[in-house]
There are 2 protein chains.
Amino acid sequence: MRIEGADPGTVRPGGRTARVRASVLQAAGDALAEHGFAGLDLADIARRAEVGKTTVYRRWGTVTILVADLLTDMAEQSLPRTETGSLLGDLKANARLVQRTLADPRQGALFKAVIAAATCEAKTAEALHRFYDIRVKEWAPCVQQAIDRGEVPEGTDVHEVIRAVSAPLYYRLLTSSGGLDEAAADQAAEAAVAAARAGAYLRGDEGHA
Amino acid sequence: MRIEGADPGTVRPGGRTARVRASVLQAAGDALAEHGFAGLDLADIARRAEVGKTTVYRRWGTVTILVADLLTDMAEQSLPRTETGSLLGDLKANARLVQRTLADPRQGALFKAVIAAATCEAKTAEALHRFYDIRVKEWAPCVQQAIDRGEVPEGTDVHEVIRAVSAPLYYRLLTSSGGLDEAAADQAAEAAVAAARAGAYLRGDEGHA
DNA sequence: CTCATAATGGCACTCCAGTTTCGTTAATCA
DNA sequence: TGATTAACGAAACTGGAGTGCCATTATGAG
């Protein structure tokens, strides 16, 4: 007897089902990086993935849901964080990592597309938020260490500092034609450190800048 | 004799043509705010604008080009800048303006949609970049005044400081589920001021943060 | 290994976004 | 004011995105 509420792919997730998912997500990433979010059709993805288009429509249904799944997959592949001993050093490492990712043609286009998709569907937006929450949490400890060392005032919102590093880089990517070079990354890190030291990111406080 | 290369709407831009453009852009804004960038079809816009769908397809052709035109229109409607006498005051005013705009359901959705559209087409991206260039230029003088007053070091990139105020707000809008409140706006302004004072936005220099 | 059935994939079908055609309306110029 | 023709709009048309059906494949349990 068939269980009505079960989504396809959940009862027998191994073997072919997993292979199909991996292949489709790979193809989706390629297609997004190439054509962007608009002008993307599932039939094309199915062709690239060498999978029947019926399967893609049945398991994901829409482009935005497929992107949400892609984001879940991307979130699982976490990059290890480097430690340099100083807040500026750590944040520069973070900023350069983000900058390199966004400046890379394929990755940059993919991130743009993924952000665009997230503006169109709540489920996708949720997946995107989870993705960034994970990344931010991964790097937050280096700010805590800076607090412990006395580099940054007690009560600083460590997550907000990490976000402050990425924000100007993403803002550039989306709203400006200027290139994303290492100087931009370093500037982002330096600005975040300066603001954090000045107490601009104190929790539940307006700061004293 | 018909001029082959002339786009429709360029030879007789007055009267009805202008009315149609205004009506369609209004409808496009409404539709974008309601349905987002995806799930937007030109036939729906034509219906809202009480205009033949043939006209919309002929004059704009695709959603992304229509959005580019909408952005050109939005760029022309400039908001006057307030002056408070201090850099922090000016930037807080700017941050709150941005925050109120993005937090407003209609405007926020519209901006998200417009950014999404810009990731899909070069022409639209160009229009978006122009839009922000204009806004940044509008506010840049208040940073120059701060330099003249000695609040901020000589050689600071005034445009970069303005962008630094908006960046965290847009980053929140797109990548986080956290609400955009006045505290977020104030924090963005304070961080920008602290970083600017510390020399993080010195032109062609890595700063000394 | 064998069985029950989850999941896939090909094919035919539907439906609507986007196009073409052509008659009507009205902007611009003399 | 009238002539010219740019621009609009209704209707008919078309291609392909998305769906339903069913035979085939192969997963996972016993």
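How each quantity is defined
Residues numbered from 1 in each chain as written. Chains lettered and ligands numbered in written order. Predicted model: local features only at pLDDT ≥ 70, side-chain atom pairs only at ≥ 80, totals over all residues. Heavy atoms only, no water. 1 Å grid on protein atoms, 1.4 Å probe; cavity = no way out; pocket = protein on both sides within 12 Å on 5 of 7 lines; lining within 4 Å. Points joined across faces, edges and corners; volume = space filled by probe spheres on them. Helix = DSSP H or I, 4+ residues; strand = E, 2+ residues; numbered from the N terminus. Nonpolar A, V, L, I, M, F, W, Y, C, P; charged D, E, K, R; others polar. Near = heavy atom within 4 Å. Polar contact = N/O pair within 3.5 Å; in protein donor to acceptor, adjacent residues only side chain to side chain. Contact = heavy atoms within 4.5 Å. Buried area = accessible area lost by both parts, 1.4 Å probe. Salt bridge = Lys/Arg side-chain N within 4 Å of Asp/Glu carboxyl O. UniProt positions renumbered as here; feature names shortened; annotations may be inferred.

Per an unreviewed UniProt entry, the recorded name for chain A is TetR family transcriptional regulator, and the organism is Streptomyces monashensis.

## Digging into empty space enclosed by the protein
One pass over the full model with this rule turns up two cavities of 30 Å³ or more. In this structure, the largest cavity occupies an estimated 350 Å³ of space. Taken together, the elements giving at least two residues each to the lining of the largest cavity come down to α8 (158-175) and α9 (182-197) of chain A together with α8 (158-175) and α9 (182-197) of chain B. A class-by-class count of the residues in the lining of the largest cavity yields 21 nonpolar, two polar and six charged. In this model, the second largest cavity occupies a volume close to 60 Å³. Lining the second largest cavity are Ile 115, Ala 167, Tyr 170, Tyr 171, Leu 174 and Thr 175 of chain A together with Ile 115, Ala 167, Tyr 170, Tyr 171, Leu 174 and Thr 175 of chain B. A class-by-class count of the residues in the lining of the second largest cavity yields ten nonpolar, two polar and no charged.

## Observations regarding the protein's contact with DNA strand C
Around DNA strand C, the surrounding shell holds 27 residues, and the nearest of these are Val 11, Arg 58 and Arg 59 of chain A together with Lys 53 and Tyr 57 of chain B. The side chain of Arg 58 of chain A places a nitrogen or oxygen atom 3.2 Å from a base nitrogen of DNA strand C. In terms of residue count, the dominant contributor to the surface near DNA strand C is helix α3 (residues 53-59) of chain A (four residues). Residues that form the surface near DNA strand C fall into these classes: seven nonpolar, nine polar and eleven charged.

## Some remarks on the interface of chain A and chain B
Contact residues are listed per partner, giving 38 residues for chain A and 38 residues for chain B. Between chain A and chain B, roughly 3,500 Å² of surface is buried when both sides are summed, and carbon and sulfur atoms account for 63% of that area. Across the contact surface, chain A and chain B share two salt bridges. Counting every contact that joins chain A to chain B gives four residue pairs in polar contact (both at pLDDT 80 or more). Element by element, the count of residues in the side of chain A that touches chain B is highest for α8 of chain A, at ten residues. Of the residues assigned to the side of chain A that touches chain B, the class counts are 22 nonpolar, eight polar and eight charged.

## Considering unusual backbone geometry
Even without a glycine there, the phi angle at Glu 50 of chain A is positive, about 55°. Looking at where Glu 50 of chain A falls in the secondary structure, it is placed in the loop between α2 (42-49) and α3.

## Some details on the UniProt feature "domain: HTH tetR-type" (unreviewed entry) in chain A
The UniProt record annotates "domain: HTH tetR-type" (unreviewed entry) at residues 18-78 of chain A. End C-alpha to end C-alpha, residues 18-78 of chain A measures 20 Å, and it is 77% helix and 0% strand.

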